[in-house]
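Here is how the chains run, residue by residue.
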Amino acid sequence: MILIDGKKEAKELREDLKTEVSELKKKYNKVPGLSVILIGDMAPSQIYVRNKEKAANEVGLKSEVIKYPDTVEEKTVLEKIEELNNDITVSGILVQLPLPKHIDKQKVIEKISPSKDVDGLHPMNVGNLSSGYQGSIPCTPLGCYLLIKKIDSNLKGKKAVMVGRSNLNGKAMAQLLLQEDCTVTITHSKTKDLKSECLQADIVVAAVGIPELIKGDWIKQNAIVIDVGINKTENGLVGDVDFDEVLKVAKALTPVPGGVGPMTIACLLKNTIECFKRSN
Ligand code: NAD
């Protein structure tokens, strides 16, 4: 049984990225820049953004956080994005989600230049990913993918089940595993028999937002289980997977916290560097 150490994997990735940034600096005499827009004062978003900024600085990126109160007009945010799109020192733009209700998420996502869309949510990048073309890949699925590949480098013909179909997680993850020649099933809240779908899987990726939904007897012996969920409970943070039960049957499992989360942040930095390289 492998308990996947997301903190360690993310640290190694950040070290590689730090080396890459210093090489890019020598070559181009500039470093990739990441601009994050944070709207409102929701505690989880504030924490994510702080962690992202810290990690960006550590690997040597130029990073800035632009903060607005949650009363900010949509027009102001769209104008700022336009300004960042035209700023050659900015390689990547991320608007921290969720947004206040009066701001149209789709408008905001589509305003970001696809070449600077480090979250990979612009329809152009979604299309690139599903067509197998070059583009930004959403950070969390990219992090999950890198963790899975470390456990098993040959995924050909493996049966992979996504639990959850969000654009941010399940759908993008499915595309990545399809490109690896997995046979992919995407399940969701209306799936008839989730347990029997999961039981067939060599790889399960859970991104639902329901504490400990996936039980030990839903998992095939020796499956790889990736838990994306982050759920606040009275017992602290837990994932979408019943950790103690699944630990007994899986070949490899990510803990929560300390699994997918740190990889998401490292992949944001990776995406920023990729955007910089493509634009130079
Ligand atoms: P979402 O709400 O957009 O999507 C949830 C998905 O789960 C939906 O597709 C829905 O159909 C499905 N679902 C709901 N109930 C279900 C059920 N009973 N059975 C099967 N499927 C069901 O959520 P999201 O943005 O994809 O996030 C999912 C979880 O991942 C959340 O806990 C979130 O906090 C976490 N998350 C973690 C990271 C990270 O870096 N670790 C990043 C993003 C999201």
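Bear in mind that the values here come from a model prediction, so they are computed numbers and not experimental data. (Residues numbered from 1 in each chain as written. Predicted model: local features only at pLDDT ≥ 70, side-chain atom pairs only at ≥ 80, totals over all residues. Heavy atoms only, no water.)

A. Up close: the layout of surface pockets. Computed from the structure, the largest pocket encloses a volume of approximately 1,500 Å³. Considering the residues around the largest pocket, the lining is formed by 47 residues, among which Tyr 48, Thr 140, Ile 230, Gly 261 and Thr 264 are closest to the centre. Considering every element that reaches the lining of the largest pocket, the biggest residue donor is helix α2 (residues 43-58), with 10 residues. Here the residues of the lining of the largest pocket are counted per class, giving 24 nonpolar, 13 polar and 10 charged. Two domains each put at least three residues into the lining of the largest pocket: domain 1 (29-113) and domain 2 (139-261). (1 Å grid on protein atoms, 1.4 Å probe; cavity = no way out; pocket = protein on both sides within 12 Å on 5 of 7 lines; lining within 4 Å. Points joined across faces, edges and corners; volume = space filled by probe spheres on them. Helix = DSSP H or I, 4+ residues; strand = E, 2+ residues; numbered from the N terminus. Nonpolar A, V, L, I, M, F, W, Y, C, P; charged D, E, K, R; others polar. Domains from an automatic or database assignment.)

B. Structural detail: the sheet that holds strand β11 (residues 252-253). In space, the six strands of this open sheet follow the order β1-β11-β8-β7-β5-β6, with parallel pairing throughout. Looking along the sheet, the strands with just one partner apiece sit at the ends: β1 (2-3) and β6 (183-187). In terms of strand pairing, β1 meets β11 through two bridges, oriented parallel. Along β11, the bridge assignment pairs Leu 3 with Leu 253. Each of β1, β7 (203-206), β8 (224-227) and β11 is contacted by helix α6 (residues 139-151), which is oriented at about 160° to β8, the strand it contacts most. Sitting on the sheet, helix α7 (residues 167-179) touches β5 (159-163), β6 and β7, and the angle it makes with β5 is about 170°. (Pairing = 2+ DSSP bridges. Contact = heavy atoms within 4.5 Å. Axes fitted to C-alpha atoms, helices over the stretch in contact; angles between N-to-C directions.)

C. The arrangement of the pairing of strand β2 (residues 33-39) in detail. β2 sits mainly inside the fold: seven of its seven residues count as buried. Burial of β2 is two-sided: the residues Gly 33, Ser 35, Ile 37 and Ile 39 facing one way and the residues Leu 34, Val 36 and Leu 38 facing the other way are all buried. Across seven bridges, the pairing between β2 and strand β3 (residues 62-68) is parallel. Residue pairing for β3: Leu 38 is matched across the bridge by Lys 67. The β-α-β motif built from β2, the intervening α2 and the parallel element β3 has right-handed crossover chirality. Where β2 meets strand β4 (residues 92-95), four bridges bridge the pair, whose relative direction is parallel. Paired with Ser 35 across the strands is Ile 93, a residue of β4. (Buried < 20%, exposed > 50% of the residue type's maximum accessible area, 1.4 Å probe, protein only. Right-handed = clockwise from strand over helix to strand, strands pointing away.)

D. Geometry of the environment of Leu 17. With respect to the helices, strands and loops of the structure, Leu 17 is situated in helix α1 (residues 6-28). According to the relative accessible area criterion, Leu 17 is buried, its value standing at 3%. Along the sequence, Leu 17 and Ala 266 sit 249 residues apart, while their C-alpha atoms lie 8.6 Å from each other. If sequence neighbours within four positions are ignored, Leu 17 has contacts with Val 59, Ala 266, Leu 269, Lys 270 and Ile 273.

E. Focus on the site of the ligand. Taken together, 20 residues are adjacent to the ligand, and Arg 165, Ser 166, Asn 169, Val 228 and Thr 264 come closest. Contact between the ligand and Ile 230: an oxygen atom at 3.1 Å from a main-chain N or O atom of the residue. Taking 850 Å² as the accessible area of the ligand by itself, protein coverage stands at 70%. Applying the majority rule of atoms within 2 Å of the grid points places the ligand in the largest pocket. Here the element with the most residues in the shell around the ligand is helix α10 (residues 260-279); it accounts for three residues. (Near = heavy atom within 4 Å. Polar contact = N/O pair within 3.5 Å; in protein donor to acceptor, adjacent residues only side chain to side chain. Areas by Shrake-Rupley, 256 points an atom, 1.4 Å probe, with all protein chains shown as cover. Sits in = over half its atoms within 2 Å of the grid points.)

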